[in-house]
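Reading the structure
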Amino acid sequence: MARMKFLCDAERCIECNGCVTACKNEHEVPWGVNRRRVVTLNDGLPGEKSISVACMHCSDAPCMAVCPVDCFYKTSEGVVLHDKDLCIGCGYCFYACPFGAPQFPQDGAFGLRGKMDKCTFCAGGPEQDQSAAEFKKYGRNRLSEGKLPACAEMCSTKALLGGDADVIADIYRTRVLKRGKGSEVWGWGTAYGKPEKGATPPAGAKS
Amino acid sequence: MRFGLKQWLGAGLAALVLGLTAPVIAADTSSAQEQAARQQAQPGNNSPVWRDVRGGDNPYQTTQVRGVETAVLVQTEGETWRQLRNRVVTVYGGWLLVLMALVIGAFYYWKGPIKLHEQPTGRKLLRFAYWERTVHWGAAISFVLLAITGVIIMFGKHVLLPIIGYTLFSLIAQLSKLVHNFVGPVFAVCTVLMFLTYVKDNLPKAHDLQWLAKGGGLLSGSHVPSGRFNAGEKAWFWMGVTGLGVVVSITGFVLNFPNFEQGRELMQQANVIHAIAALLFVTMSLGHIYMGTVGVEGAYDSMRTGYVDEIWAKEHHEYWYRDAVAGDNKSGGGAANPAAASAMKEGWKQ
């Protein structure tokens with residue numbers, strides 16, 4: 001089984017924010033929620049680099065470890081998903097996440113948090129695949145249609161790669177060898193540096 | 001946790017300094033230059049780059065997405081918070097609560113409740129006036145609600161969830177979060193009122209040392225005189241109600257109102273401090289609740305009705321009893337209150 005990962009090639013990213021727009025459009029995310037963002041280092045200076053970042057679907061996901069209701073689960077492809085029916089909107093996953101992936105639509109006065117929303121690797125949620133309920137809560141389930149994440153598919157310079165880790169790592173390795181620079185795989189140490197945990201959904205996680 | 005101390009101490013000053021920092025940011029040397037210089041001195045050392053990646057406060061690090069800390073690429077404090085919360089606070093805090101419950105259970109089994117040595121006279125003294133009782137129960141009820149919901153949020157995953165299942169536990173946790181968030185500010189207000197109402201009679205006195213030296217006679221069963229509040233109660237007042245009460249209130253506000261754009265690091269620190277303080281608070285409260293209910297005969301009635309028997313006052317708070325009977329105004333309750341004086345007179349008639 002493939003292990004799904006994201007890889008952003010900082011040598012190629014041109015900060016067009018096409019991935020951000022593609023994600024918003026594909027999933028019709030609520031206002032104020034950004035599942036993906038592009039961060040530019042040294043903007044306007046020599047050595048400028050841009051990196052597109054979203055949930056990296058970590059091996060040992062901190063969100064999963066701190067969730068007080070255990071609403072996260074991991075698919076057999078290593079995609080970290082969560083059950084919005086169980087989420088209580090405490091914000092702990094947002095404290096723990098290194099990438100700022102968990103987003104909270106405001107659900108009342110004083111910043112009261114609603115149900116957490118984050119990148120699903122275009123893999124939906126615990127509901128029936130491609131159902132209306134799944135789309136409403138988690139957005140489109142492209143993986144079940146045999147497609148890869150919309151952000152990576154849409155990327156104009158193919159800087160953002162999403163898919164089977166072995167395949168995207170091969171593509172990246174070839175690029176690095178040809179151009180002779182830019183071998184830094186952003187966020188991979190943080191996201192995939194620890195042994196895989198919680199690879200199978202816990203029993204009863206799907207309500 | 002690099003800016004932790006500065007953030008906490010400088011919270012008030014920050015607003016004043018804000019106007020002055022704008023030109024400082026503009027004068028900041030670019031990390032690209034710093035990185036280039038570092039590569040000359042120490043090739044392969046990329047720390048200037050990584051500092052920006054984690055910090056996100058470099059003015060040349062940008063993103064189109066609006067929001068708090070969206071320019072931070074990788075925040076590493078989250079992992080520290082996770083390890084502290086999951087491996088230290090949850091584990092030791094949980095066992096601390098269990099241990100305290102066991103100690104109290106063992107004490108009850110071994111010693112039983114502390115009963116009066118003489119027959120009650122039936123003559124009653126006013127120990128807690130209406131306002132004092134109102135404040136106490138306001139704080140007590142909100143505290144118990146917060147303690148129960150907090151314990152559910154922290155330990156429910158390990159204790160309740162395996163028993164009652166995901167759906168029901170999520171419902172309870174959702175309710176716990178709402179109750180915790182809305183009752184929290186009520187408790188903060190009650191904490192302030194508690195302090196103002198009870199501080200006068202909780203000021204330390206010389207005889208408190210005697211009480212402490214003898215452990216309040218808790219184990220020996222000997223009689224140790226005390227004022228309106230004994231040293232144990234004073235310790236609970238200063239360490240629990242006041243000290244921990246203020247700590248959980250302040251950190252609670254930081255966590256409860258994310259609309260003030262505070263960063264994650266501040267909330268992580270607030271969460272850890274909140275959890276530790278709250279666990280100590282709950283642990284101490286178990287002792288207080290035990291002594292106030294089943295532990296001491298007549299103690300619950302004093303806060304429920306406001307009145308205690310004369311013998312109770314004599315046996316538990318002798319100095320206060322003497323002052324009250326003498327009509328001395330220095331100690332609260334008792335004859336300090338006209339109602340108490342009349343109640344006492346009626347008592348004497350019987």
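Above this text is the structure in question.
These remarks concern the structure in this document. (Residues numbered from 1 in each chain as written. Chains lettered and ligands numbered in written order. Predicted model: local features only at pLDDT ≥ 70, side-chain atom pairs only at ≥ 80, totals over all residues. Heavy atoms only, no water.)

Before going further, it helps to spend a moment on the nonpolar core. Counting residues in hydrophobic clusters, the biggest one holds 105 residues, and the most contacted among them are A:F72, A:F99, A:L160 and B:L73. Leaving out residues up to four positions away in the same chain, A:F99 has contacts with A:R37, A:V53, A:A54, A:M56, A:C58, A:G187, A:T190, A:A191, B:L73 and B:V74. In terms of nonpolar packing, the next biggest core, distinct from the first, is built from 11 residues, B:A299, B:W312, B:A313 and B:W320 among them. (Core = buried A, V, L, I, M, F, W, Y, C linked by side-chain atoms within 4.5 Å. Buried < 20%, exposed > 50% of the residue type's maximum accessible area, 1.4 Å probe, protein only. Contact = heavy atoms within 4.5 Å.)

Time to look at the state of the cysteines. In a disulfide, the sulfur atoms of two cysteines are covalently bonded to one another. Residues and elements named next belong to chain A. One pass over the full model with this rule turns up zero disulfides over all chains. With no disulfide partner, C8 has as its closest neighbouring cysteine sulfur the one in C13, 4.8 Å distant. The exposure class of C8 is buried, given its relative accessible area of 5%. We note that C19 lacks a disulfide partner, and the nearest cysteine sulfur, in C16, lies 6.3 Å from it. Overall, C19 belongs to the buried group, its relative accessible area being 10%. (Disulfide = S-S within 2.5 Å.)

Turning next to the sheet that holds strand β2 (residues 37-41) of chain A. Strand order in the open sheet formed by three strands is β3(A)-β2(A)-β1(B), with antiparallel pairing between adjacent strands. Looking at the sheet topology across the chains shown, the edges are occupied by β3 (49-53) of chain A together with β1 (62-63) of chain B. Bridging between β2(A) and β3(A) involves five bridges; their strand directions are antiparallel. Opposite A:V38, over in β3(A), you have A:S52 as the bridge partner. (Pairing = 2+ DSSP bridges. Helix = DSSP H or I, 4+ residues; strand = E, 2+ residues; numbered from the N terminus.)

Attention shifts here to empty space enclosed by the protein. The tally for this structure, following the rule as stated, stands at six cavities of 30 Å³ or more. Its volume calculated, the largest cavity comes out at about 800 Å³. Considering the residues around the largest cavity, the lining is formed by 39 residues, among which A:Y92, B:G150, B:H180, B:L255 and B:H274 are closest to the centre. Looking at the lining of the largest cavity, the elements that each hand over two or more residues are α3 (92-96) of chain A together with α6 (130-159), α8 (166-198), α10 (231-256) and α11 (264-295) of chain B. Per-element tally for the lining of the largest cavity: the top contributor is α6(B), with eight residues. For the lining of the largest cavity, the class distribution of residues is 25 nonpolar, 11 polar and three charged. (1 Å grid on protein atoms, 1.4 Å probe; cavity = no way out; pocket = protein on both sides within 12 Å on 5 of 7 lines; lining within 4 Å. Points joined across faces, edges and corners; volume = space filled by probe spheres on them. Nonpolar A, V, L, I, M, F, W, Y, C, P; charged D, E, K, R; others polar.)

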